[in-house]
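# Survey of secondary and tertiary structure
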Amino acid sequence: MKSIIGIGNALTDVLAVLEDDSLLKKYRLPSGSMQWVSKEVSQSIWNDVKDRKTEIVPGGSAANTISGCANLGMESGFIGKVGDDEIGRLFREGQEKTGITPHLLLGKDSSGRAMVFITPDSERTFADYMGAALELCAEDLEEALFKGYDILHIEGYLVQSHALVRRAVEICKKMGMTVSIDLASFNVVEDNYDFLHEIVEKYVDIVFANEAEAKAFTHKGPGEALDVIAGMCKVAVVKVGGDGSFVRSGALKRKIEPFPARKVDTTGAGDLFAAGFLYAYAQGLPLEVCGKAGSYVSSKVIEVVGTKMSDQTWEEIRKKVAGIIAEK
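### Comments concerning the sheet that holds strand S11 (residues 206-210)
- Taken together, 9 strands build an open sheet; the order of strands is S6-S5-S1-S9-S10-S11-S12-S13-S14 and the sheet is mixed. On the outer flanks of this sheet lie strand S6 (100-106) and strand S14 (252-256), each paired with one strand and no other. When the angles between neighbouring strand axes are averaged without regard to direction, this sheet yields 15°.
- Bridge analysis of strand S10 (residues 178-182) against S11 gives 3 bridges, and the strand direction is parallel. In the sheet register, Ile181 faces S11, and the bridge partner there is Val207.
- Each of S10, S11 and strand S12 (235-239) is contacted by helix H9 (residues 211-218), which is oriented at about 115° to S11, the strand it contacts most.

Next up, the structure:
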């Protein structure tokens, strides 16, 4: 099986269940909102919650995908930047525990973190601080970081640093690696439209996009968008939520039906779809099998809050994916 390395924003997810909304009021966080907070506020919140019952998981789009690949049994690595602090150490330890080789560079700022608070009314409130994650730059990347890996997976949020993404794809194509990218968000696509088109056409082999991202990238609906993207790279994947997904490579086109799931939280659904897809793709399996594997892994993560699934769930996932592969 081929190996994979991801590059993205190293953000530690801190999930805390609150007994009331007093902490939200203290930091002026409207219930149900997503707020960007300063370094000082972020650190103060961390000091308030770290001794409570919290769930701490290495996060960020590419890190979620790489975690999924590692849990499926794929040799996996991750490139990102953290601060020299407790949060950064927790990120590293979390990845190592999952079986990921972390290639984490040290930044000057504090480590990035996405803090999620769940109140008794089941509402989720976010307080995010990017910190050192944003310091990752083109000058940080050397061929040695990618040596030994076959696939590079890039999170779309990085494309706002054009030099960084260009450096990464140039290195990896020179080394003969396969490059995949998740377009991340429709507004990221709109803000970096020309750059993304250039990068996809010249360097990218696999593109993952949801319906909104595909429309921003091609100005077309999902079916036509799939065809346009497939004309620019080797494999195109367009996800259409509860209706499943479309995959195309050359003239081969498939509709992938969704697996039934009890939807609790869609966080990480796209990231884990990419994990299942790339796991099968790394074994040279047919396009439809790759899509089914991605669809199944995605269906399991939406049944939990956040992106962390239990060891028991992952064992179930591995068995099911093995069955999907055996049916090929």
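We are not done yet, so read on.
### A few points about the packing of aromatic side chains
- All told, the structure shown has 6 aromatic pairs when counted by the stated rule.
- Aromatic pair Phe259 and Tyr296: ring centres 5.3 Å apart, planes at 80°, arrangement edge-to-face. Within this pair, whereas Phe259 is found in the loop between S14 and helix H11 (269-281), its partner Tyr296 is found in helix H12 (residues 287-301), the two being separated by 37 residues in sequence.
- Given the relative accessible area of 24%, Phe259 is considered partly exposed.

### Let's talk about the nonpolar core
- Ranked by size, the top nonpolar core spans 47 residues in total, and within it Phe78, Phe208, Phe277, Ile317 and Val321 carry the most contacts.
- Put simply, the parts of the chain that give this core at least two residues each are helix H3 (61-72), strand S5 (76-82), S6, S11, S12, H11, H12 and helix H13 (311-326).
- Considering each element in turn, this core owes the most residues, 10 residues, to H11.
- Not counting chain neighbours up to four residues away, the residues in contact with Phe208 comprise His153, Ser180, Ile181, Asp182, Leu183, Glu213, Val237, Lys239, Phe273, Ala274, Phe277 and Leu278.

### Quick word on unusual backbone geometry
- A positive phi angle, near 55°, is found at Arg28, a position not held by glycine.
- Tracing the backbone through its elements, the reader meets Arg28 in the loop between helix H1 (22-26) and strand S3 (34-36).
- Here Arg28 falls in the exposed class, since its relative accessible area comes to 75%.
- In the Ramachandran plot, Ala184 falls in the positive-phi region, its phi being about 75° despite a non-glycine side chain.
- Checked against the element boundaries, Ala184 lands in the loop between S10 and helix H7 (186-191).

### Points about H3
- Taking 1.5 Å as the rise per residue, H3 with 12 residues should run 16 Å; its terminal C-alpha atoms sit 17 Å apart, in good agreement.
- In terms of burial, H3 is largely enclosed, as 12 of its 12 residues are buried.
- For H3, every residue scored as buried is listed here: Ser61, Ala62, Ala63, Asn64, Thr65, Ile66, Ser67, Gly68, Cys69, Ala70, Asn71 and Leu72.
- One or two residues past the end of H3 sits Gly73, with phi positive at roughly 110°.

Procedures and definitions
Residues numbered from 1 in each chain as written. Predicted model: local features only at pLDDT ≥ 70, side-chain atom pairs only at ≥ 80, totals over all residues. Heavy atoms only, no water. Pairing = 2+ DSSP bridges. Helix = DSSP H or I, 4+ residues; strand = E, 2+ residues; numbered from the N terminus. Axes fitted to C-alpha atoms, helices over the stretch in contact; angles between N-to-C directions. Contact = heavy atoms within 4.5 Å. Phe/Tyr/Trp six-rings, centres within 6.5 Å; stacked < 30°, edge-to-face > 60°. Buried < 20%, exposed > 50% of the residue type's maximum accessible area, 1.4 Å probe, protein only. Core = buried A, V, L, I, M, F, W, Y, C linked by side-chain atoms within 4.5 Å. Expected span 1.5 Å × (residues − 1).

Just distances and angles here, no functional claims.
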